[in-house]
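The chain contents come next:
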Amino acid sequence: MSELLKYDKPYKNGDELCGKLIGQGLTIQDPEKAANLIERASYYRFKAYLFPFLNASKRFDNQTTFDNAYSLYAFDEELRLMLFRHIQRIEIGVRSLFDQTMTASTNNPFWYLDASLFDLKDGNHATTVNAIRDMFRKSKEPFAEHYRQKYYNAFCPFYRDLPPGWVAIELMTFGDLYSLLKSVTEETKHQHRLHAFSQKILNAQRDGRFRGNYQTFLNWMKIIRDVRNCCGHHTRLFNRNLGSPSAIKKILSQDISLVQTLGSGGTRQEDQTNRLYTALAAMQQILTGLGYEKIGPKLNDLFDQYPIVARFHPSMGFPAKWKDETLFF
């Protein structure tokens, strides 16, 4: 392990940071405005949108302007806001349909407290239930106060203060929901037909190329959770490395070539399936199954609003002919 260095870089204000960028070759037409924008956004956050414009020598070419980088920053902000709305729909839809499936199949409104349905080895189930309990006890919502004053559950004496699943599941964060979905046992998946539930959520066609199963569903939910976390924590999303959604190429048009990238061995080209484009494909497939509109037109409008982004379509995983993809349009 190399010896650690003492961090002793001095503080720089917006004006000084603009001077540094100009020294690296960045064109800044209005330094005062740029300094204010850097201070407002935080240079540490903003420099993630400068990196794509740097060359191998860590300099900007003479065609790169501060406005280019800020346009990319603004685009990513609008992208996160747009996607958060759609992820909210997925989260609500999955929560509702999973509770309906489990309540009907188990005939138990308190199914989420039934330890026999979950793998308890990793502790995810207990952690999720305790998080729900903590939120429910603190909740000032009228439904929570009404339940606490009037009811108890006789199913689970240890958690007798907790409400039925259709109330509890509304209190879960996306992370809680994913942990609960991940914790169900193999026996539960088969006994309560969760593979059929997954095919419904994934809008899978039994007679087509894509069928999907519960593991595919979990994989997609994890990737959507990661996108949601970028949106919720306001972090760079547009060119981020994400997971590769399972079987994603089976729902995409075979006539549209994906962006190619060097494989792990570095010797041959492979389809790039770990970027935003394929994550959006997974989201769109679920949104379509839930009855929502296609996101392609609004996404294309956003691209038109920020033309600089076209330079970075490959790093986002967007193929040259992505507008011909019927999944999105």
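**Regarding the environment of aspartate 304**
Point 1. Turning to its location among the elements, aspartate 304 is positioned in helix H13 (residues 296-305).
Point 2. A relative accessible area of 52% means that aspartate 304 is categorised as exposed.
Point 3. In the structure, aspartate 304 is positioned 158 residues away from histidine 146 in sequence and 50 Å away in space, judged by C-alpha atoms.

**Notes on a negative patch on the surface**
Point 1. Where like charges cluster on the molecular surface, the negative patch consists of Asp15, Glu16, Asp30, Glu32, Glu39 and Asp67.
Point 2. Broken down by secondary-structure element, the contributors of at least two residues to the negative patch are helix H1 (14-23) and helix H2 (31-41).
Point 3. Note that aspartate 15 resides in helix H1.

**Quick word on the packing of H2 against helix H4 (residues 66-106)**
Each pair of packed helices can be described by the angle between their axes along with the distance between the axes.
Point 1. Between H2 and H4, whose axes approach to 12 Å, the crossing angle comes to 30°. The angle between the axes of H2 and H4 places the two elements in the roughly parallel class. Judged by the sense of rotation from one axis to the other, the crossing of H2 with H4 is left-handed. Counting all contacts with H2, which are made through Ala34, Leu37, Ile38, Arg40 and Ala41, the residues of H4 involved are Phe66, Tyr70 and Tyr73.
Point 2. Here the residues of the contact of H2 with H4 are counted per class, giving 7 nonpolar, no polar and 1 charged.

**As for unusual backbone geometry**
Point 1. Positive phi, normally seen in glycine, also occurs at asparagine 203, with a value near 55°.
Point 2. Structurally, asparagine 203 can be placed in the loop between helix H10 (194-201) and helix H11 (214-232).
Point 3. Look at asparagine 203 and you get partly exposed, because its relative accessible area is 23%.
Point 4. In the Ramachandran plot, histidine 234 falls in the positive-phi region, its phi being about 60° despite a non-glycine side chain.

**As for the environment of asparagine 300**
Point 1. Take asparagine 300: it is sitting in helix H13.
Point 2. Those residues in contact with asparagine 300 that sit more than four places away from it in its chain are Trp322, Lys323 and Phe329.

**Some details on H2**
Point 1. Every buried residue belonging to H2 is among Ala34, Ala35, Leu37, Ile38 and Ala41, and all of these are buried. Buried residues of H2, seen end-on, are gathered within an arc of 165° and therefore sit on one face of the element. Turned more than 90 degrees off the buried face of H2, the exposed positions are Glu32 and Arg40.
Point 2. Elements in contact with the buried residues of H2: H1, helix H3 (43-46) and H4.
Point 3. Positive backbone phi, approximately 85°, marks serine 42, located one or two places after H2.

**Overview of the side chain of threonine 103**
Point 1. With respect to the secondary-structure elements, threonine 103 resides in helix H4.
Point 2. Residue threonine 103 is classed as buried on the basis of its relative accessible area, which comes to 16%.
Point 3. A distance of 2.8 Å separates a polar side-chain atom of threonine 103 from the backbone oxygen of aspartate 99.
Point 4. In this structure the side chain of threonine 103 is engaged in a polar contact, spanning 3.3 Å, whose partner is the side chain of tryptophan 111.
Point 5. The contact partners of threonine 103, leaving out residues within four places of it in the chain, are Asn108, Pro109, Trp111 and Trp166.

**Things to note about the confidence of the model for the chain**
Point 1. Averaged over every residue, the pLDDT of the chain is 94; the share at 70 or more is 98%.
Point 2. Looking at the elements of the chain, mean pLDDT is at its lowest for strand E1 (residues 260-262), recorded as 85, and at its highest for H13, recorded as 98.

**Overview of the side chain of arginine 80**
Point 1. Along the polypeptide, arginine 80 turns up in helix H4.
Point 2. There is a polar contact of 3.5 Å between the side chain of arginine 80 and the side chain of tyrosine 49.
Point 3. If sequence neighbours within four positions are ignored, arginine 80 has contacts with Tyr49, Cys230, Cys231, His234, Thr235, Arg236 and Leu237.

**A look at H4**
Point 1. Between its terminal C-alpha atoms H4 stretches 59 Å, which fits the 60 Å expected from 41 residues at 1.5 Å a residue.
Point 2. Within two residues after H4, asparagine 107 carries a phi angle of roughly 55°, on the positive side.

**What to know about the pattern of salt bridges**
Point 1. Following the criterion strictly, the structure yields 12 salt bridges and no others.
Point 2. Residue glutamate 91 pairs with arginine 228 through a salt bridge whose shortest N-O separation is 3.3 Å. Here glutamate 91 is found in helix H4, whereas its partner arginine 228 is found in helix H11, with 137 residues between them in sequence.
Point 3. Judged by relative accessible area, which is 9%, glutamate 91 ranks as buried.
Point 4. Take arginine 228: its relative accessible area is 22%, and that puts it in the partly exposed class.
Point 5. A salt bridge links aspartate 271 to lysine 249, with the shortest nitrogen-to-oxygen separation between them at 3.1 Å. Within this pair, whereas aspartate 271 is found in strand E2 (residues 269-271), its partner lysine 249 is found in the loop between H11 and E1, the two being separated by 22 residues in sequence.
Point 6. Accessibility expressed as a relative area gives 30% for aspartate 271, which makes it partly exposed.
Point 7. For lysine 249, a relative accessible area of 43% puts it in the partly exposed group.

Parameters and conventions
Residues numbered from 1 in each chain as written. Predicted model: local features only at pLDDT ≥ 70, side-chain atom pairs only at ≥ 80, totals over all residues. Heavy atoms only, no water. Helix = DSSP H or I, 4+ residues; strand = E, 2+ residues; numbered from the N terminus. Buried < 20%, exposed > 50% of the residue type's maximum accessible area, 1.4 Å probe, protein only. Patch = residues over 30% accessible without salt bridge, like charges linked within 9 Å, V, L, I, M, F, W, Y side chains within 5 Å. Areas by Shrake-Rupley, 256 points an atom, 1.4 Å probe, with all protein chains shown as cover. Salt bridge = Lys/Arg side-chain N within 4 Å of Asp/Glu carboxyl O. Lys, Arg positive; Asp, Glu negative; His and termini not counted. Charge placed at Lys NZ, Arg CZ, Asp CG, Glu CD. Axes fitted to C-alpha atoms, helices over the stretch in contact; angles between N-to-C directions. Parallel < 35°, antiparallel > 145°, perpendicular 65-115°, else oblique. Left-handed = near helix turned anticlockwise from the far one by under 90°. Contact = heavy atoms within 4.5 Å. Nonpolar A, V, L, I, M, F, W, Y, C, P; charged D, E, K, R; others polar. Arc of directions from axis to C-beta. Polar contact = N/O pair within 3.5 Å; in protein donor to acceptor, adjacent residues only side chain to side chain. pLDDT = per-residue confidence, 0-100. Expected span 1.5 Å × (residues − 1).

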